[in-house]
Amino acid sequence: MAVWGLGGRLGLRGCLGARKLLCPRFQSRGPQGVEDGDRPQPSSKTPKLPKIYTKTGDKGFSSTFTGERRPKDDQVFEAVGTTDELSSAIGVGPTSGQHQQEIGQGFAMELIAEQGHPFVEELQKIQCSLQDVGSALATPRSSAREAHLKHATFEAGPILELEQWIDRYSSQLPPLTAFILPSGGKSSSALHFCRAVCRRAERRMVPLVQSGETDANVAKFLNRLSDYLFTLARYTAMKEGNPEKIYKKNDLSDRV
């Protein structure tokens, strides 16, 4: 999986390290309990950045976090790649309230931030969780040691948090009495698109869960995330005053 951090692209082996860069809660302790951010940094030297290219995948193989080499069309990389695609669709970017930078804005999050919606931070938190999902997927249990699993275990906390968010938004929405089509304005439609990518990521992950290669919590998270994105799409349409399109079966008699 391609993980962006510090201006470069990290491979699967850099996946766990990238989590620390993207999410403050993954700051680890160094020797004698010193926080990474508290370590003295050289003032005269520029940090060495990882190269974008490594050439190790030129023959169609890539490495899991456990060091195992697999073809790039392996189920593990299909699931990891689709999860990365989902995070890209949601869109990483330094957006906060009314202040935002155009550089680095993503697809859904950019549209949502433009409307001033308060749930941008939820989407950013979800992207951090998707980074955790990628780490878990990139650590197949068949080749993982205990040390690997300790760093790549996906806890149930993010799943429960999604359920709380879903319940909060659902309580403010009118009852769903018919199938709705992806619609409701640009922000809502972008979230529906993310939901569809999320469903695909879930489908790619199911074989790995069924074979015992990854934690069942990862599939539960994606299942709940698609529900969250659907609910948020409806909520966004309502807050922006955009009508949702209702599915109506085509009447063949109208063609006569």
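Below is a short write-up of the structure. In this text the structure is predicted, and so the values were computed from the model without any measurement.

Quick look at the overall build of the protein now. For the protein, the count of helices and strands is eight helices and six strands. Secondary structure elements of the protein, listed N to C terminal, follow the sequence β-β-α-β-β-α-β-β-α-α-α-α-α-α. Out of the 256 residues in the protein, the part that is buried amounts to 41%. Restricting the contact set of the protein to residue pairs at least 6 apart, pairs at least 24 apart contribute 68%. For the protein, the exposed area adds up to about 15,000 Å²; of that, 52% sits on carbon and sulfur atoms.

Geometry of a packed helix pair, given as the angle between the helix axes and the separation of the axes. Running from N to C, helix α4 (residues 120-137) and helix α8 (residues 216-240) point in directions that differ by 155 degrees, and their axes come no closer than 11 Å. Here α4 is positioned roughly antiparallel relative to α8, judged by the angle of their axes. Regarding α4 and α8, the two cross each other, and that crossing is left-handed. For the pair α4 and α8, the contacting residues are Glu122, Leu123, Ile126, Ser129, Leu130, Val133 and Ala136 in the first and Val218, Phe221, Leu222, Leu225, Tyr228 and Leu232 in the second. Class assignment for the residues of the contact of α4 with α8 results in 11 nonpolar, one polar and one charged.

Moving on, we come to the pattern of salt bridges. Applying the stated criterion to the full structure yields 12 salt bridges. Close ionic contact of Lys125 with Glu161 constitutes a salt bridge, the shortest N to O distance being 2.8 Å. On the criterion of sequence distance, the pair formed by Lys125 in helix α4 and Glu161 in helix α6 (residues 157-170) is long-range, its members being 36 residues apart. Here the residues in one salt-bridge network are Glu68, Arg70, Asp74 and Glu213, joined through shared partners.

Below, the discussion takes up the side chain of Ser183. Along the chain, Ser183 falls in the loop between α6 and α7 (186-210). In this structure the side chain of Ser183 is engaged in a polar contact, spanning 2.8 Å, whose partner is the backbone oxygen of Leu181. A distance of 2.9 Å separates a polar side-chain atom of Ser183 from the backbone nitrogen of Lys245.

Reading the values: the criteria
Residues numbered from 1 in each chain as written. Predicted model: local features only at pLDDT ≥ 70, side-chain atom pairs only at ≥ 80, totals over all residues. Heavy atoms only, no water. Helix = DSSP H or I, 4+ residues; strand = E, 2+ residues; numbered from the N terminus. Buried < 20%, exposed > 50% of the residue type's maximum accessible area, 1.4 Å probe, protein only. Contact = heavy atoms within 4.5 Å. Areas by Shrake-Rupley, 256 points an atom, 1.4 Å probe, with all protein chains shown as cover. Axes fitted to C-alpha atoms, helices over the stretch in contact; angles between N-to-C directions. Parallel < 35°, antiparallel > 145°, perpendicular 65-115°, else oblique. Left-handed = near helix turned anticlockwise from the far one by under 90°. Nonpolar A, V, L, I, M, F, W, Y, C, P; charged D, E, K, R; others polar. Salt bridge = Lys/Arg side-chain N within 4 Å of Asp/Glu carboxyl O. Polar contact = N/O pair within 3.5 Å; in protein donor to acceptor, adjacent residues only side chain to side chain.

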